[in-house]
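Geometric and topological summary
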Amino acid sequence: VQSHTSPECMMAALLLRRDKKSTAAHLKSDLNRTDNSSGVRQLQELLDSVLNPEKPPADTEALDWCKCLIAGEEGFEEFCKTVRSYDNATLCGLVWTANFVAYRCRTCGISPCMSLCAECFNNGDHTGHDFNMFRSQAGGACDCGDSNVMRETGFCRRHRLRTGENVPSVPRDLLLMSEMVLPRFIICIIQYLRDGYTEPDTSAERDLQKVLQQLEPQITFLEELTKMGGAMRTVLTKILTNQQTFKDLSMGQEENVFAKKNYENYLSALKNSGLVSVEEKAQTGAAEPTQGSETGALGLLDPSIMDSLKHKCFLEELLFWTIKYEFPQKMVTFLLNMLPDQDYKITFTKTFVQHYAFIMKTLMKSQESDTMSNRIVHISVQLFSNEDLARHVTEECQLLDIMVTVLLYMMESCLIKSELQDEENSRHVVVNCSEALLKNNTYWPLVSDFINILSHQSVAKKFLEDHSLLMLWMSFVSFFQGMNLNKRELSEHVEFESQTYYAAFAAELEACAQPMWGLLTHCKVKETQEYTKTVVRYCLETLQIWFDAIGFVDELAPNQVTFHLPLHRYYAMFLSKAVKCQGLDLESLLPDQEMLMRIMVHPLQIQASLSEIHSNMWVRNGLQIKGQAMTYVQSHFCNSMIDPDIFLLQVCASRLDPDYFISSVFERFKVVDLLTMASVHQNTALDGEQERPMLEGALTFLVILSSLRIHLGMADDEILRAEMVSQLCMNDRTHSSLLDLIPENPNPKSGIVPGSCSFEEMLSAVADFKAPVFELGGSMQQGMYTPKAEVWEKEFDPIMVILRTVYRRDVQSAMDRYSAFLKQSGMHTTGNPWPPYKERTPLHPCYKGLDRLLHCKTLHIVIFTLLYKIWLDHSNMSEHVLCMVLYLIELGLDNQVEEDKGDEVRPSEHCHDSWFPGTNLLSNLHHVINYVRVRVPETAPEVKREREPPASTSAEASNFGQNVREAQVFSLVAERRRKFQEIINRSSTEASQAVRPKSSSTRWVPPGTPPQLVTEILEIHESMLSLLIKLHQKLSAKQNSLSATWLEDMDANPNRHAHGDGITAIERILTKAATRSHQSKRSIQEICGKVFPPVAPKKNSPTAKKTMDKEERRQRARERQQKLLAEFASRQKSFMETAMDVESPDTEAAMDLGASEVKESEVLYDCVICGQSGPSTEDRPTGLVVLLQASSVLGHRCKSDEAKKLPTTDEERIYPADTCGAAHDVRLALMQSFFKDSSCLQSVSIGWDGGVYVQTCGHTLHIDCHKSYMESLRNDQVMQGFSVDKGEFTCPLCRQFANSVLPCRPGRSTEVVSWHMPSNKKTSVLVKEVEDLQEQLGFFPVSTTTESNLSKEMELVIKDIKNTTQRKYMDYGKNPGSPDNDFLFMYSVARTNLELELVHRGGNLCSGGASGAAKRSCLNQLFHVLAMHMRLYSIDSAYNPWTRLTQVPCVVPYSCLDDERPEVPMLFRDCPSLLIIFVLTMPQPLRKEHFICLVRMLYNLQYTQALAALSAKFSPEERQAWSTSGTLKKFSLFFYMINCPFNTICALLLCFLSQLSSSVWSPQSIEYSLQQFCLPYLRLSCLLQHHLYGDNLSGCPEEEEFSGLAGCLGLLDPAPQPSNPMYSASCLDWTVSAFDLMSQWCSEVTGLADTQTLLVQDLQWASPHLLHLPDNYNTIFQYYHKKACTACKKVPKDPALCLVCGTFVCLKGLCCKQHGICECVWHSQHCGAATGIFLLINASVIIIIRGHRFCLWGSVYLDAHGEEDRDLRRGKPLFLCVERYRVLEQQWVSHTFDHINKRWGPHYNGL
Ligand SMILES: [Zn+2]
Ligand SMILES: [Zn+2]
Ligand SMILES: [Zn+2]
Ligand SMILES: [Zn+2]
Ligand SMILES: [Zn+2]
Ligand SMILES: [Zn+2]
Ligand SMILES: [Zn+2]
Ligand SMILES: [Zn+2]
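Residues numbered from 1 in each chain as written. Chains lettered and ligands numbered in written order. Predicted model: local features only at pLDDT ≥ 70, side-chain atom pairs only at ≥ 80, totals over all residues. Heavy atoms only, no water.

1. Examining the overall build of the protein
The helix and strand tally for the protein stands at 74 helices and 28 strands. Here the protein, with 1807 residues, has 55% of them falling under the buried criterion. The long-range share in the protein, meaning contacts at least 24 apart out of those at least 6 apart in sequence, stands at 79%. When the accessible area of the protein is evaluated, it comes to approximately 78400 Å², of which 53% is carbon and sulfur surface. (Helix = DSSP H or I, 4+ residues; strand = E, 2+ residues; numbered from the N terminus. Buried < 20%, exposed > 50% of the residue type's maximum accessible area, 1.4 Å probe, protein only. Contact = heavy atoms within 4.5 Å. Areas by Shrake-Rupley, 256 points an atom, 1.4 Å probe, with all protein chains shown as cover.)

Have a look at this one:
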């Protein structure tokens, strides 16, 4: 370590330090005296010189002095500790900044803003509470211990203990120096702040940042002080709030010019702190008498709020500068850290309120308003969440007045003239939504503070009692009334789509609706009636002002709509609450009829516009208008927008004349012209294609209006239930999406509202939970809720669904699901059902008038007309129209109105009176209409008919005249206008009001009738009932579909009618009519009894047939398509199943059949590209579609079968040394240090860590076809997820991912037989034959002579295999790139694939051939390709291991040169590797007898190795015991040993192997461990035999695996005697003297170092596992989210964990990037040979990296509702889903990530 300071300097510094210390001690003792004047003087002098604000703040000398002075003789650290021991705080108060992870518990919270630090949360008891974890956005502070904000039950252990009571009081002299020094220190900071400040418009804001940076150490020091706890905070509070100190120090000393100058600076900054600048004030002051109204609402305000600030203490000025400097983080933290001091908290809150207007003014000017907003709220939420404090400042500091004033002030800065209604003369002003203030939501801190304080009952009461405040508030709300006006574009598409609408919706919701909901929560009981009355009064007043200002009388300006009517909505919601909760009489809150008529116009216009927008009448306004229509009904807005609007319209409908209301509706929807009985009509307002949707819209609206009960009588529970049911009916929902979709008001989603049902209870009542499952094909399902069957049956409400749908398709989806339910339950099986009719909750008595809508002649005429038109198939009628008409009829039948005699007696003067006698629907139903007069164009068919002159007889003529008189014209428009006139007249005479503007009355005259219309009379002779019956016939396509007696049959089962189609609906209506009225019943029977001449339907039959046919054809086409799709899906699925190795016995059998056929004849392959079938030939080879991937799965296996545990504390660690990969590396390295390199490379296998795994989907193709396929892919630009350049493609048939083609060996039907011939040759003969064959190595039959296409392709695939893995996994030898390396790599590929297959089979072969893993194997083909490649190498016969395996050499093979190392002794060689080497290097095809011979000879070696390894484990004593043969005699094992000259070998082995071991061995345990040692070799041999010769694998119990395998390989008699225990030695088969051979082998290892390690091998590995994860995600999150990366020592922004090895990495971090590769990708290459499985800590999601691609896999952690919580947004507790994790592990082990996961993308090394 090198010191940078010279010794002299150090000494000086030390001296200076000691000097400070002693000075401090000396001063302190002086000050402690009774006469301390000299001490005080000395201190002041010292401070004068030290704390000089003219010195740059970066010079920390002053700071050091302060620290020393306040600490006294002890060091500062020591001092801190001492002071902290007097901490009496009972609150936690920990302050945090953005991104901190904190908790919120709704069960414990009193204020919704309550939050806890992780420590306090974990130390408290919140089991079963409604809590969540969240990432702080604005920063916050821990509320633990503050009973104002949270319930004491939630306090943590520490803060529940009220530590304050046990703390001793502070000794007087401890903080004496602090009290004297700190005031000076603080004024010094203030002077720096004053000096550094310049008005932002005069200089760059960067200067402010610079000042702050320089002050950093000083402010940090202040912050440190606050952390000393309560004692120091008390001192600081005294200093900060003392007025005298401030007075004394603020001005600075008289003679100090510097101080004076910056005091001036301060004063000028103060001057502009008011809302109204000094100059403005002078102006308005002068102008006030004359132009008072022009200054707007602000004129009403308390001027003191607008004034400049005056300061009386340090705290005030400090806050002032904090604001001016736009809330520097450190200052904010300091101010907040002080809050646990109660005195401070009160003073600070007052100061904050005093500066409130100034804060908002600064915010509006700020360039960084987002950051500043967060900091403001960070502070304000701490102050205003506390009810006592909020009430206190409301009472003493006019907080409410200030807030409302500032809100008005803010909004006034962006007002524009409203263009609604009267563009020129409007006096109304609205906010401009394109202003930054609204677009950026700058007002939110203010609004959120306001909402926060209104949540306190005491504060809200103050607000509601203060009339002038209410008036101000209403004028504030009216700034939003009519904002963001839309004007329908009629000719051209808008040039650019304005995006202001979102600002408008957000503003109405946040600034108007939220405060409204806040106020409403305090108006819930009778006692608060007065509040509601006042609000309603001011609402109406303000509405009246608004109508006047925009110049609205009764006609709307055309083609305009605004979605923003907050005044209407305030009025509506207060009305609703008044009736529902406060028992107020609705009548007393309603205005006169005229006002009601006006009030209804704008909400109704919105409803009509919604319909217009969906009918594409607003297309030219762009997509944004649809956005508005959707937002208006969307779950976060609907409570505050569409629901109040509908309610208000219901109120109006219940009070206004129903005929007037109904005609208004149709007029507003522009469908009046359509409502004629004539077959042709003109429509001036709509295009032809818009008529149908608009008519449907109007009728649907009427149905909603008359059936919706949300504010008309439903209890909160019922509403919640209905909302839930409608959302669930649209789609199955996850818990969180359902929570999001249920509107917040009136039911808060969480927590239990007294007297109402909780969300969870309700959910379990209406829905079933579908647990998350993993679907085939890889999509991960979440836990879902689906409606219970009885909900579909009884509660599905299509009207509620329509009301709540944002996307139109959701209505269809609900209907499809409903019809699926009916089909499944057998309730309705033919055709498509109609939306079910649902009975409604009775209306609250106040709203009874609403039912009159259903009982008015106008509606009945419309219904009659529409029924008639539908029957006659007039244009633009639809099933939906009929459905809605029927719905209206049924509603009318179910909601009867008591006949109001008074009304009925009124002289009939209405033109429609002749249609129906009364208003009751029930009696009008059977009323027959005979003639109707219509106005039609001259070209209409009716006209032609009438052209023929009427009959000349006088009787007929008079009859006709009669008809004319009876027939009536009906005009909706005329009707409405007449009505309006009548009401206006009445009210104006009654109330003798001021004269209405007469000019408008001229507009009420109906417009001139188009001249080309003529009046015609239609003969009808129908009643609604008869039309219904005719429609029934039409729908059922049967004449006389209803017999005369059907009514009697009907009554049997009334429930039958609940579900069904249109026919059912009509029957239901007829039944209801019949049961409720005798006359109707008689009428129905009469009509049904009549045999209808088939005239009417026939006349229309062509068209009817056409439409029916069309419908039917469409239906059939749909069904056909669905069937096709289903077939296709099932086909796809079966592909997937076979590809995914799903166990399915059927396919298994088929495969086996195929396999046996293959043996009989030449193998034929189907090409999946050209479809031809044929053999694979040298010229035109066929290949298997394969995926080559590097794998490290084998290398990650461990000894133990238990997965390693993911560390979650610092103590836990994972050691990688015991993995298979590491063990093999160590062994090879050890061998290489003793033996010849080339020999080492033949004695082991590699590929554990970067081996190449070959997989196929089983499909084959011509290799030339594949080439052209790849060419076509290359040209296809849309290929995503894989790169053609790297040879990647998807199988043309099954779409499985692949990257190479493995050529198939040409057919071999003739050889097959000889291959399998049982051999009777003696082993010695076979050994010789093998030796001879190996001699041929050099001259391979196919070699170099001709280069066929096949051999070329084979070399290509070898290249592909090599390119699949990294260089370092191929070069294990000392000479990189040498043939030895290549040789090792090649045979290891075979080994890797065999070993992986074993793993997939569960680690053994006990399940025989039944495992699915073999189905898709391509090992046979792979072996062939490898063998073709290996022929390039030859093994020098001198080193041929075969000789050493089968012969006792005459000469010791240590003939090597001195400079060369010896060859690897046989006992160290790996038998499976040798077997593979032999098989691959011998001439192909290899006969089975030779293969068996190889296996036998190698078994001898394997067994000897087993013995050697075993004896190496013996203790010397044991070795001794075993080698003295006498003791062995009683064991049967011994006899085997006698038979083979084993004992001597054993003795031999034991002699030179020395090792200590205390284990005690028995013959059984010896046999067991020998078998275990040999088993891996047997398994591999057996598997190889299975693949090369197609032998079936026979299963066996696990304990008999050894004998089973030995039998399979022919090492044993095929029929082993079950009675005798099996001995491994019986498989030995020597061709030479076993003793000699073994002695030879043993002698090779004698005297070598490390023999021990190399002999005792671990050959058995447990199956591979991912790390074991804890159950609770929090365990992982808490440890890792703040853990530092081991590489860069920083806490990563996106931490991730490798689930294979537990390595902690920085995802995407630049910090850990090397060679342009980020850490995750880098790790995936080194840990997983390019496959990586990472858990993203902050997202709880798993990401998979595979080569150059990656995908999000999903999460293995789910919440209590079976849902993922990506990015931890909801922060609910998450638990390990074991099934999902198993699936993940299985995909890793089976290398199927590429196939199962679909959404891959390139990562560009950036993860
Ligand atoms: Zn805490
Ligand atoms: Zn606590
Ligand atoms: Zn709790
Ligand atoms: Zn082909
Ligand atoms: Zn395929
Ligand atoms: Zn790893
Ligand atoms: Zn890192
Ligand atoms: Zn890093």
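After that view, the rundown keeps rolling.
2. Some points on the coordination of the zinc ion (ligand 7)
In this structure, Cys1685 (SG), Cys1706 (SG), Cys1712 (SG) and Glu1719 (OE) serve as the protein donors to the zinc ion (ligand 7), at separations of 2.1 to 2.3 Å. Around the zinc ion (ligand 7), the four donor atoms are arranged such that angles at the metal cover 97 to 138°; this shape is classified as irregular. The two metals, the zinc ion (ligand 7) and the zinc ion (ligand 8), are separated by 3.1 Å and share Cys1706 as a common coordinating residue. With a gap of 21 residues between them, Cys1685 in the loop between α71 (1673–1680) and β21 (1695–1698) and Cys1706 in strand β22 (residues 1704–1706) connect regions that are remote in the sequence. Cys1706 shares its class with Cys1685; the two are buried. (Donors = N, O, S within 2.8 Å, 3.2 Å for Na, K, Ca; no water. Tetrahedral: all angles 85-135°; square planar, octahedral: opposite > 155°, others 65-115°.)

3. As for the side chain of Ser178
Counting through the fold element by element, Ser178 comes out in helix α7 (residues 176–196). Among the residues examined, Ser178 registers a relative accessible area of 0% and is labelled buried. Among residues more than four places away in sequence, those in contact with Ser178 are Ile70, Phe79, Pro183, Met232, Val235 and Ile239.

4. Details of the coordination of the zinc ion (ligand 5)
Around the zinc ion (ligand 5), the donor atoms from the protein are Cys1257 (SG), His1259 (ND1), Cys1291 (SG) and Cys1294 (SG), and they sit 1.9 to 2.3 Å away. Here the zinc ion (ligand 5) is ringed by four donor atoms whose angles at the metal span 104 to 113°, and the overall shape comes out tetrahedral. Assessed through its relative accessible area of 10%, Cys1294 is described here as buried.

5. Brief notes about the sheet that holds strand β17 (residues 1251–1262)
Strands sit in the order β17-β16-β20 across an open sheet of three strands; the sheet is antiparallel. Across the chains shown, the open sheet's two edge strands, defined by having one partner strand only, are β17 and β20 (1300–1303). This sheet shows a mean twist of 40° between the axes of neighbouring strands, independent of strand direction. Note: strand β16 (residues 1182–1191) against β20, four bridges, orientation antiparallel. For Gly1183, the partnering residue across the bridge sits in β20 and is Pro1303. Each of β16, β17 and β20 touches helix α55 (residues 1263–1275); the most contacted strand, β17, lies at about 100° to it. Along the sheet, helix α60 (residues 1419–1430) contacts β16, β17 and β20; its crossing angle with β20, the most-contacted strand, is approximately 80°. (Pairing = 2+ DSSP bridges. Axes fitted to C-alpha atoms, helices over the stretch in contact; angles between N-to-C directions.)

6. Examining the sheet that holds strand β3 (residues 116–117)
Taking strand neighbours across the sheet as the criterion, the three strands line up as β3-β2-β4 in an open arrangement whose pairing is antiparallel. Each end of this open sheet is capped by a strand with a single partner; those strands are β3 and β4 (131–135).

7. A look at the pairing of β4
Burial within β4 is extensive, with four of its five residues counted as buried. Two strands pair when backbone bridges link them, and strand β2 (residues 101–105) and β4 are joined in this way by five bridges, in the antiparallel orientation. The residue bridging Cys105 from the neighbouring strand is Phe131, located in β4.

8. Observations regarding the pattern of salt bridges
Applying the stated criterion across every chain yields a total of 61 salt bridges. Residues Arg817 and Asp732 are paired through a salt bridge, measuring 2.7 Å at the closest nitrogen-oxygen approach. You can see Arg817 sitting in helix α39 (residues 809–825) and its partner Asp732 sitting in the loop between α34 (716–730) and α35 (735–741), a full 85 residues away along the chain. As a salt-bridge pair, Arg1391 and Asp1470 come within 2.8 Å of each other at their nearest N and O atoms. Within this pair, whereas Arg1391 is found in helix α59 (residues 1379–1400), its partner Asp1470 is found in the loop between α61 (1441–1446) and α62 (1471–1481), the two being separated by 79 residues in sequence. (Salt bridge = Lys/Arg side-chain N within 4 Å of Asp/Glu carboxyl O.)

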